[in-house]
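# Observations on the model geometry
Below are the chains, spelled out letter by letter.
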Amino acid sequence: VLITPDKTGAPLHVQLYRQLRAHILSGALAPGALIPSARTMAADLGVSRNTVEAAIGQLWAEGFVVRRVGVGTIVTLGADSVPFANPAISAPPSVGVVRSSARATGANAVMAASPPRLSARGLAIAAGGRAELDADARSGPCAVDVHSFPQRIWQRLIARAARQNGADLLLPGAPQGDLALRTAISDHARLTRGLQCSAQQVLVLHSAQQALDLISRLLLGPGDVALMEEPGYPSATAVLAGAGVIVRSIAVDDEGACTEQLREHPAARLAYLTPSHQFPLGVTLSLARRLTAINWARQTGAWILEDDYDSEFRYDDRPVAALQGLDGRDHVLYLGTFNKVLFPGIRLAYLVLPPSLVDAFTSALRMTDGPPAPLLQAALAMFIAEGHFAAHLRRSRRIYGARRDLLVEQLKAVSGDRIVAGASSTGLHMVAHFPDDADDVRIAAASTGHGMSVSPLSAYYAGESKARGLLLGFGAAGDDGIRRGAAAIAAELNSRRSAS
Ligand SMILES: Cc1ncc(COP(=O)(O)O)c(C=O)c1O
């Protein structure tokens, strides 16, 4: 399939991305098809390699393609696998595509005849969601051990909350969230995370994803630039892409996100950061870089979204205070989620907003969904205020800390120096680093199914240059799963060495 840039005036990488996506959705590029290398495509089209990489990166972020080491970029998602998708969905009619196959021409005729049923943004968000559904959050690298949650206490609190609040719970609840819960959240965030905030700044939501959706609608528009960490959290990228936002990357090293690179993007509207526990590498953002990020936001008027998804699970040293606490409340939106720290089915998360944004976000929430169920909010407020939350965190830190220790010990025992354990002072997963020529996709596939979540690090990069390694989720793995998982990885590495 030969693709030529069109004359719509959209940036070249957007045109190219739309055309490739249209080919995938029409079936001209079927699942399994290999997309030419960035170098080849750039030469064929007379565009820069960066343009091609930006287009492919967007397709990757939306789950249309995967990148396989030594093979290239492969189409994964076709018309059949996009929910609600109709093969008739296509790029805008003005896109000039030269096709070489009869099948593509046939599909094109269908495209012209029937109007698209999903918008381009709709397709992007559905593709991102499909990738997450396929990955299955219950067994992903950040899965918690739901069995360690004190269910009895929770059941009692639900019953008490229902009795005490009576008919009030039958009403929709306060638009910003239950005041008792917002107070408990802001007290906890101030005391344990160093935030500067009051209950008036807290907005109770269902999930981090919902927060990202609201942020994309309220603070960003189609064509605006948002900055993501590379490697980073694909589900955040997918929501931004689904809002028509252009996503650009900043690198991550041992000190966390390279926030000095933010300065290269003075027009960007938002930077998404995971300062306490970088996802997926697990490093902590240094103080110097935190200050650089805040200065950048102050100078440019951009927002910083601080995703503090699992920093409560800190094992070795004292917790690092949140970036929000350094900011003076003006530029940072702080995101916390109980879906990580308690259990995924609770469906409760929160944003701590700069005061200037509270009213707009509360109003917009009313238009897009509304606050979560009052009963759950009331029960969670009691759970925190009565000390069960702090006790659960202490117990979880002991359990997960011991699993982390076992994993580090097992990796060392079975692999010697061939695997380098990444930062693991926080969170529910750890990265095991390999030499850059290792095929982490193959090793992950071969070591899955032994009781520990294993996924390839390279899958969390949007660009072509990626480190190799594995994300090892120890949170939901029992001791046996950790031992068997580590042994399977070592066996796979050994077989690779003896084969070469
Ligand atoms: C970086 C990051 N943020 C947020 C979340 C989860 O957020 P939620 O389930 O509330 O959407 C995850 C889950 O894995 C994550 O890895």
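The structure we're discussing is the one just above.
Keep in mind that what you see is a predicted model, and the values were worked out from it rather than measured.

### Quick notes on the overall build of the chain
Scanning the chain from terminus to terminus reveals 17 helices and 17 strands. The buried share of the chain, taken over its 500 residues, is 55%. The contacts of the chain with a sequence gap of at least 6 include a subset with a gap of at least 24, amounting to 72%. Working note: accessible area of the chain is about 20600 Å², and carbon and sulfur atoms make up 55% of it.

### A word on the site of the ligand
In the neighbourhood of the ligand, the contacting residues comprise C142, S207, A208, Q209, Y233, Y272, F279, D307, Y309, T337, N339 and K340. Residue D307 places a side-chain N or O atom 2.6 Å away from a nitrogen atom belonging to the ligand. One of the side-chain N or O atoms of N339 is found 2.9 Å from an oxygen atom in the ligand. A total of 400 Å² of accessible area belongs to the ligand in isolation, and the protein chains cover 88% of it. Within the residue set of the shell around the ligand, elements represented by two or more residues are α8 (208–219) and α12 (338–341). Taken together, the residues that form the shell around the ligand break down as 6 nonpolar, 4 polar and 2 charged.

### Quick word on the pairing of strand β17 (residues 469–473)
Across the 5 residues that make up β17, a large majority, 5, are buried. Across the two faces of β17 the burial is the same, with G469, L471 and G473 and L470 and L472 all buried. Pairing of strand β15 (residues 429–433) with β17 involves 5 bridges; the strand directions are antiparallel. Paired with H433 across the bridge in β17 is G469. Relative to β17, strand β16 (residues 453–456) runs antiparallel, the two being bridged by 4 bridges. Among the inter-strand pairings, S455 is bridged to a residue of β17, identified as L471.

### A closer look at the packing of aromatic side chains
Summed over all chains, the structure comprises 12 aromatic pairs. Ring centres of F149 and F343 lie 4.7 Å apart, and the angle between their planes is 55°; this geometry places the pair in the tilted category. Of the two residues, F149 sits in the loop between α5 (120–135) and α6 (151–165) while F343 sits in the loop between α12 and β13 (349–352), which places them 194 residues apart along the sequence. F343 matches F149 in its accessibility class, with the two residues each being buried. With a centroid separation of 5.4 Å and an interplanar angle of 80°, the aromatic rings of Y233 and F279 are classed as edge-to-face. One end of the pair, Y233, is in the loop between β7 (225–230) and α9 (234–242); the other, F279, is in the loop between β10 (270–273) and α10 (287–300), and 46 residues separate them in sequence. Put simply, the rings of F149, W154, F343 and F383 pair up and form one aromatic cluster.

### A few points about the pairing of strand β11 (residues 303–307)
With respect to burial, β11 is a largely interior element, 5 of its 5 residues being buried. Alignment of β10 against β11, held across 4 bridges, turns out to be parallel. Considered in β11, the bridge of L270 is made with W303. The parallel pair β10 and β11 is bridged by α10, and the resulting crossover is right-handed. In this sheet, strand β12 (residues 332–337) lies alongside β11 in parallel orientation, the contact comprising 4 bridges. In the sheet register, E306 faces β12, and the bridge partner there is Y334.

Reading guide: rules and limits
- Residues numbered from 1 in each chain as written.
- Predicted model: local features only at pLDDT ≥ 70, side-chain atom pairs only at ≥ 80, totals over all residues.
- Heavy atoms only, no water.
- Helix = DSSP H or I, 4+ residues; strand = E, 2+ residues; numbered from the N terminus.
- Buried < 20%, exposed > 50% of the residue type's maximum accessible area, 1.4 Å probe, protein only.
- Contact = heavy atoms within 4.5 Å.
- Areas by Shrake-Rupley, 256 points an atom, 1.4 Å probe, with all protein chains shown as cover.
- Near = heavy atom within 4 Å.
- Polar contact = N/O pair within 3.5 Å; in protein donor to acceptor, adjacent residues only side chain to side chain.
- Nonpolar A, V, L, I, M, F, W, Y, C, P; charged D, E, K, R; others polar.
- Pairing = 2+ DSSP bridges.
- Phe/Tyr/Trp six-rings, centres within 6.5 Å; stacked < 30°, edge-to-face > 60°.
- Right-handed = clockwise from strand over helix to strand, strands pointing away.

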